[in-house]
Amino acid sequence: MKQISRLVLLLLGLWLIFELASRLTAEIFWFDEVGYLQEFLLRLVTQLGTWTITFFFSVSFLLGNLAIAHWLKHPDDYKLKGTGYRVDIKSNISNSPLKLRFLMPVVIGLSALAALILIYYAQQALNFWYPNIKLPTTSWQLPPQFQLFSQLLQLQAIPIHLVQLGLLVVLTIAILIYHQFLLGAITLLISLLLGFLLSGRWMVILQYFRSTSFQAKDPLFHRDISFYIFSLPIWELLNFWLLGIFLYAVVSVGLIYLRSANSLSEGWFPGFTLQQRLHLNGLTSLLMLALALHYWLQRYQLLYSTDGVNYGASYTEVHAQLPIYTALSFLAVAIAIYLLWRLFVLSGSRQTRLKPIPFPRQLVYMLVFYLLLAGVSGEILPTIVQRLIVQPNELTRERPYISRTIALTRQAFNLNAIDAETFDPRGELTAADLKENNQTIRNIRLWDTRPLLETNRQLQQIRPYYKFPGADIDRYTLLRDLTTQATEYQQTIIAARELDYGDVPEQAQTWINQHLVYTHGYGFTLSPVNLVAPGGLPYYYVKDIGVDGTDKQGSLQITSKEIRASIPIAQPRIYYGEISDTYVMTGTRTQELDYPSGNENIYNVYDGQGGIPISATWRRLLFAQYLKDWQMLLTRSFTPQTKLLFRRNIRQRIQAIAPFLRFDGDAYLVAADGGGETTEGEPTYLYWIIDAYTTSDRYPYSDPGKHRFNYIRNSVKVVVDAYNGTVDFYVADPSDPIIATLGKVFPKMLKPLSAMPLPLRSHIRYPLDFFSIQSERLLVYHMRDPQVFYNREDLWEIPTEIYGSEQRSIEPYYLIMKLPQAQTEEFILLMPFKPVQRANLIAWLAARSDGVNYGRLLLYEFPKQQLVYGTQQIEALINQDPVISQQISLWNREGSRAIQGNLLVIPIEQSLLYVEPLYLEAEQNSLPTFVRVIVAYENRIVMAETLEQALAAIFQPQQPTSPAIIRPLQEN
């Protein structure tokens, strides 16, 4: 049996080594392929170094103290011996020992505390590795007799975590039974967890040594904000580590001493000897120093308080909690110094035989006094100050602190970059003005991404395994005349046709098909936002696949020579995309499906630069273990040219390379010459652009709202070649101190934006997520006056619209338009605002995306005394109009329904134009078609078949515009 056990252990050890080696080697190969091996090795070395230091220091310190405790503890037969020193103890048994009625609660309490420390670090590890897992909880309502207490602490119920409570009970009982073994086992587990938790914060450690100044200070402690972003997390991490191991050391050593001499069995504890007291004094002094650091750091945590009327330190925190935390920190240091002095005095005592005492009185009294003082002063006194001093004169007391919150929140979310102007709608728009703004009119969006995607899925997927995961708004400069080279700035919707292996027929889902045949998507559709094809379908510039003849370019159908000259399309294969979730092998003896053409399939051999060569047997073995795919060793399809492509999902790809960045939820495809080439030297033209953000939750006084961060910058543009899989990171905001720090940490990773190929740079746009976050923060923090902010007099909110038949909040939308005082049209991201509990518009925010104006924000506020129709009012007027509503009701008959599209608020000159497309779709096999457009301006509303008819009906009413429906708007 011993030989079998050893053999099993040996095999398990070898398997574990092979597993770790395969994972590490595969990651090294992959990072080398994408060109970021140096960054990966720096990460790996930092993680391993941090884990090693943390684990070995923790386990050495804790096991060393446990060994000392076992050496100094009373022997199990302590009471049975009757000579020497023990006789003196026994003769004083009535005064010295700790009786069972006091011993048992102390032992149970320390056992529970040891279990609680382990559970706490296990919970932290679970939150770190699996943040989305939520363990079941319940709550205990405080009984009526504790009503005063609950009101004072603002605590109505105590949350109870059921899983943790169960573990606490089980572990406590286990420690009571097997304390010697379990205290050592818990030591090992805590050390392992601490090692993993601290090594997981490797980026915090690297940033600390390369920090960049923010050139700004917080208003309370007057420290550079870089201290809070880069240094404070390190100090908190150190405190998290030391406080845990020092506390566990005191608890575990105390338990060993109290459980010695068979104390629970005998019913009494003989008392603590001099050496035991010296040991506990030394450990407790370290614990008090860790507590001193804890309360010192708690002073800075006041800058993120949510207890006052404003975010951050308010009057109570500054005048009550700050002095309390400072005093508690100094008091902890004083206690630590006193304990060290006692250690020195006791160790120098000439008494060779001091009687053991039931418990170290001075140590226990000081700890109890400190804990009571911390509890009373930390919770009750600030509440009293808040109730008696602040609340009767809250605005006066809190005014300076509200000002701080407003100022620093605006800084952290870059709201100070917004240029505010007054926009006074005059209602003087004419047909001549529309002609002067013809490019804006020509780019009014009649197609929303949702109905276009539904149409694509019906008409352009071609095969069930093709999918359009999304559609994105972009713009292209298109040739209108090859002879004169005249161009037009056109807003478009582009959608990638990707391959979703999950929709391959079940009978065909074999290993060969999954990994060797179905390897890539093909092409895309490109539609102008303003054109409608016959039958109400989208008009496509680029569509279809498997096209033959003179119009063939990459086997996609292109509408005209001008489009072909404007948009490069050759090599339209998509090996890396948004839904590519399988690993594939290319360059095998099995042909890859390229695209269907009629009743036949066209096949292809991948010649891109992506992939890891796996022709060697040892590489196949390594990746078979890494991917848990042993068919790689059995197949005969591989050749010397075979390569493995994995992490083809672009989000997983960039997240693996740069986990320290936050990525926008909307990656968009661009057809342009980005400089990529195949192994044959042919250019690649399809690229994904993803916006990336640097974020932090440590910006002082900055209110995060509903977000997990309170500082954000759109500092990086990521470009992924859809054919080669290459990834490039470009710095879009070099003024951001966090990206400057990351640039110091990874000097070869981040490139200047000027290094991005110009055709790609012309397609960067202000990101939706960032704009939405700024818009959400602006709803409150456009108010700069503390009194207005305190009274919430001017709160804004996002307007709503009817989409389909549901009410929903308006999302930011892109337009090509000419801003007031601007000379030309440009690509704009726009969001309107309205006052809370009112329906009229109050302002609109615009973000610019073109050229040197990229990133500039403009806020146009309407005069408060003037009524400007809001989206809800326009929607109400549309739906209550008898003619329009009757037509919509007629379409909403059985088997079909009318969909009201996005209601666009379009500023033109000094006026607002409202445009809403109307679609019709069947309830089954949905194929939305454009049927009408509704336009509203001032006191007129029009529904017509085309935008031109609707505008003509409003601005040239003397001309016949049948079949437009014109209904007057009633003044409110």
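Residues numbered from 1 in each chain as written. Predicted model: local features only at pLDDT ≥ 70, side-chain atom pairs only at ≥ 80, totals over all residues. Heavy atoms only, no water.

### Let's talk about the overall build of the chain
Line of reasoning, step 1. Scanning the chain for helices and strands turns up 29 helices and 38 strands.
Line of reasoning, step 2. Considering only C-alpha atoms, the chain reaches an extent of 120 × 80 × 55 Å along its principal axes.
Line of reasoning, step 3. Taken over 972 residues, the chain has a buried fraction of 55%.
Line of reasoning, step 4. When the accessible surface of the chain is split by element, carbon and sulfur atoms take 56% of a total near 43,300 Å².
Line of reasoning, step 5. Looking at the chain, you have 81 positive and 81 negative side-chain charges, and the mean spots of the two groups are 14 Å apart. (Helix = DSSP H or I, 4+ residues; strand = E, 2+ residues; numbered from the N terminus. Buried < 20%, exposed > 50% of the residue type's maximum accessible area, 1.4 Å probe, protein only. Areas by Shrake-Rupley, 256 points an atom, 1.4 Å probe, with all protein chains shown as cover. Lys, Arg positive; Asp, Glu negative; His and termini not counted. Charge placed at Lys NZ, Arg CZ, Asp CG, Glu CD.)

### Notes on the pairing of strand β7 (residues 472-481)
Line of reasoning, step 1. β7 sits mainly inside the fold: seven of its 10 residues count as buried.
Line of reasoning, step 2. Where β7 folds back on strand β8 (residues 486-496), the antiparallel hairpin that results is connected by four residues, among which Gln485 adopts a positive phi of roughly 60 degrees. (Pairing = 2+ DSSP bridges.)

### Notes on the side chain of Glu236
Line of reasoning, step 1. Relative to the helices and strands, Glu236 is located in helix α9 (residues 225-259).
Line of reasoning, step 2. Taking the relative accessible area as the measure of exposure, Glu236 reaches 17% and is therefore buried.
Line of reasoning, step 3. There is a polar contact of 2.6 Å between the side chain of Glu236 and the side chain of Arg698.
Line of reasoning, step 4. Apart from residues no more than four positions distant in its own chain, Glu236 is found in contact with Leu297, Gln301 and Arg698. (Polar contact = N/O pair within 3.5 Å; in protein donor to acceptor, adjacent residues only side chain to side chain. Contact = heavy atoms within 4.5 Å.)

### Side note on a negative patch on the surface
Line of reasoning, step 1. Among the surface-exposed residues, Asp673, Glu677, Glu680 and Glu682 lie close enough to one another that they form a single negatively charged patch.
Line of reasoning, step 2. Among the secondary structure elements, Asp673 is positioned in the loop between β21 (668-671) and β22 (686-696). (Patch = residues over 30% accessible without salt bridge, like charges linked within 9 Å, V, L, I, M, F, W, Y side chains within 5 Å. Salt bridge = Lys/Arg side-chain N within 4 Å of Asp/Glu carboxyl O.)

### Things to note about the packing of aromatic side chains
Line of reasoning, step 1. Counted according to the given criterion, the structure contains 60 aromatic pairs.
Line of reasoning, step 2. For the pair Trp129 and Phe196, a centre-to-centre distance of 5.8 Å together with 65 degrees between the ring planes defines the contact as edge-to-face. Taken together, the positions of Trp129 in helix α4 (residues 100-129) and Phe196 in helix α7 (residues 179-199) put the pair 67 residues apart, joining distant regions of the chain.
Line of reasoning, step 3. On the basis of an interplanar angle of 75 degrees and a centroid distance of 5.9 Å, the ring pair of Trp296 and Phe330 is categorised as edge-to-face. With Trp296 in helix α11 (residues 274-301) and Phe330 in helix α12 (residues 315-347), this pair connects stretches of sequence that are 34 residues apart. (Phe/Tyr/Trp six-rings, centres within 6.5 Å; stacked < 30°, edge-to-face > 60°.)

### Remarks on the sheet that holds strand β15 (residues 584-586)
Line of reasoning, step 1. Here three strands make up an open sheet; going across it, the order is β15-β19-β18 and the pairing antiparallel. Among the strands making up the open sheet, the edge pair consists of β15 and β18 (612-613).

### Remarks on the pattern of salt bridges
Line of reasoning, step 1. Scanning the entire structure with this criterion turns up 24 salt bridges.
Line of reasoning, step 2. Across the pair Arg653 and Glu33 runs a salt bridge whose closest N-O atoms are separated by 3.4 Å. Linking Arg653 in helix α22 (residues 650-657) with Glu33 in helix α1 (residues 2-34), this pair joins segments that are 620 residues apart in sequence.
Line of reasoning, step 3. Since its relative accessible area comes to 23%, Glu33 is described here as partly exposed.
Line of reasoning, step 4. Where Arg442 meets Glu488, a salt bridge forms, and the shortest distance between an N and an O atom there is 2.4 Å. Pair noted here: Arg442 is in helix α16 (residues 438-442) and Glu488 is in strand β8, with a separation of 46 residues, a long-range link.

### Here's the deal with helix α28 (residues 882-891)
Line of reasoning, step 1. Buried residues of α28: Ile884, Ser885, Ile888 and Trp891, and no others. Buried positions in α28, seen along its axis, are confined to an arc of 120 degrees and lie on one side of it. Structural note: α28 exposes Gln886, Ser889 and Leu890 on the side pointing more than 90 degrees away from its buried face.
Line of reasoning, step 2. Buried positions along α28 lie against α27 (871-880), β33 (896-900), β35 (911-922), β36 (929-937) and β37 (940-944).
Line of reasoning, step 3. Two or three places before Val883, at the opening of α28, Asp881 has a side-chain oxygen 3.0 Å from that residue's backbone nitrogen. (Arc of directions from axis to C-beta.)

### A few points about the nonpolar core
Among soluble globular proteins, nonpolar side chains are generally buried collectively.
Line of reasoning, step 1. Counting residues in each nonpolar core, the largest one holds 287 residues, and the members touching the most others are Phe623, Phe729 and Phe833.
Line of reasoning, step 2. Looking at this core element by element, the count peaks at 21 residues for α9. (Core = buried A, V, L, I, M, F, W, Y, C linked by side-chain atoms within 4.5 Å.)

### Focus on the confidence of the model for the chain
Line of reasoning, step 1. Of the residues in the chain, 92% reach a pLDDT of 70 or more, and the chain-wide mean stands at 89.
Line of reasoning, step 2. Low pLDDT, under 50, characterises residues 80-95; the stretch is placed with 18 contacts to residues that sit more than four places away or in other chains.
Line of reasoning, step 3. Note on residues 968-972: pLDDT under 50 across the span, and 13 contacts to partners over four residues away in sequence or across chains. (pLDDT = per-residue confidence, 0-100.)

### Some details on the packing of helix α13 (residues 361-390) against helix α14 (residues 394-412)
Line of reasoning, step 1. The N-to-C vectors of α13 and α14 enclose an angle of 115 degrees; their axes lie 9 Å apart at closest approach. Mapping the contact onto sequence places Gln386, Ile389 and Val390 in α13 and Glu394, Arg397 and Glu398 in α14.
Line of reasoning, step 2. Looking at side-chain class alone, the contact of α13 with α14 contains two nonpolar, one polar and three charged residues. (Axes fitted to C-alpha atoms, helices over the stretch in contact; angles between N-to-C directions. Nonpolar A, V, L, I, M, F, W, Y, C, P; charged D, E, K, R; others polar.)

### Description of the side chain of Glu592
Line of reasoning, step 1. Secondary-structure assignment places Glu592 in strand β16 (residues 592-597).
Line of reasoning, step 2. For the buried Glu592, which has no salt bridge, the nearest side chain bearing the opposite charge is Arg573, at an N-O separation of 7.4 Å.
Line of reasoning, step 3. Beyond its immediate chain neighbours, meaning those up to four positions away, Glu592 contacts Leu516, Val517, Thr519, His520, Tyr575, Thr586, Gly587, Ile602, Tyr603, Asn604, Val605 and Tyr606.

### Quick look at the pairing of β36
Line of reasoning, step 1. Burial runs high along β36: eight of the nine residues are buried.
Line of reasoning, step 2. The sheet contact formed by β35 and β36 spans seven bridges and is antiparallel. What sits directly across from Glu916, in β36, is Ile934.
Line of reasoning, step 3. Between β35 and the antiparallel strand that follows it, β36, lie six residues; Asn925 among them carries a positive phi value of about 55 degrees.
Line of reasoning, step 4. A loop of two residues connects β36 with β37, the two strands running antiparallel in sequence, and Glu938 in this loop sits at a positive phi of about 50 degrees.

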